[in-house]
Amino acid sequence: MKQSDDRISAYIAKSADFAQPILTRLRETVHTFCPEVEEGWKWSFPHFMYQGKILCSMASFKNHCAFGFWLQSEMNDPYGIFKRAEEGGMGSLGKITSLSDLPGNEQLGNTIMEAMALIEQGVKPRTRSPKTEAPALEVPVELQNLLDQHPDAKHAFEVFSPSHKKEYITWITDAKRAETKQRRLEQTLENLKERKSKEWKYGR
């Protein structure tokens, strides 16, 4: 495997038994369809770079894996393999719990090549127009300090929609007692490390 990163090999080896073949297959597929790919390490999980830009990434959690394209918002998804993260998961393919959850090799490979073509064209992830962008949310200092200490949770929080961020902020600031606030902060950190929204159990 060309241009590999030992940290990713170690990450796969330390992942749960169910996750190892999934991560290995994803890694091999990326390298097969993008021979020029360079592996990298960002926000505490594996990334794959193409021409200096993020092509895609993968991650392993307690009960599932995730795989996502950086330019998903600009991709056509002709095979319908992209799934919405309504259950609080992250990535483009939804929650992956076994090899059978992965798209066919050709489908995923062609999707990887589409993402490569977009990078070659200089396409960037879609952002909101400044005129319609929601006002910045005020993050409680206790939560901000916690996020600064845990980069992986911080990244998960930052990529959430404003509504998901607001759910956590409101839940924490509404706590009447210090013990309650601390308990909610700890639960928030645990959820964010698994890329879960506050209401993930209800599919919101």
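So, a few notes on the structure that sits alongside this text. Since this is a predicted model, take the numbers as computed values, not measurements.

A few points about the sheet that holds strand β3 (residues 53–60)
So, point 1. Taken in spatial order, the 4 strands make up an open sheet running β1-β2-β3-β4, and their pairing is antiparallel. With one partner strand each, in any of the chains shown, β1 (38–42) and β4 (65–69) form the two edges of the open sheet. Averaged over all pairs of adjacent strands, the angle between their axes in this sheet comes to 25 degrees, without regard to strand direction.
So, point 2. Note that strand β2 (residues 45–50) and β3 share 4 bridges and pair antiparallel. For phenylalanine 48, the partnering residue across the bridge sits in β3 and is cysteine 56.
So, point 3. Running at roughly 165 degrees to β3, helix α2 (residues 19–33) makes contact with β1, β2, β3 and β4 of the sheet.
So, point 4. Contacts from helix α3 (residues 105–120) reach β2, β3 and β4, with the element oriented near 140 degrees to β3.

Here we look at helix α7 (residues 178–193)
Two residues of an α-helix separated by three or four positions point the same way, owing to the 3.6 residues in each turn.
So, point 1. Helix length check: α7 (16 residues) gives 23 Å between terminal C-alpha atoms against 22 Å at 1.5 Å per residue, within 8%.
So, point 2. If you check which residues of α7 are buried, you get Thr180, Leu185, Thr188, Leu189, Asn191 and Leu192.
So, point 3. Contacts made by the buried residues of α7 are with α4 (141–149), α5 (151–159) and α6 (162–173).

The rules we used
- Residues numbered from 1 in each chain as written.
- Predicted model: local features only at pLDDT ≥ 70, side-chain atom pairs only at ≥ 80, totals over all residues.
- Heavy atoms only, no water.
- Pairing = 2+ DSSP bridges.
- Helix = DSSP H or I, 4+ residues; strand = E, 2+ residues; numbered from the N terminus.
- Axes fitted to C-alpha atoms, helices over the stretch in contact; angles between N-to-C directions.
- Contact = heavy atoms within 4.5 Å.
- Expected span 1.5 Å × (residues − 1).
- Buried < 20%, exposed > 50% of the residue type's maximum accessible area, 1.4 Å probe, protein only.

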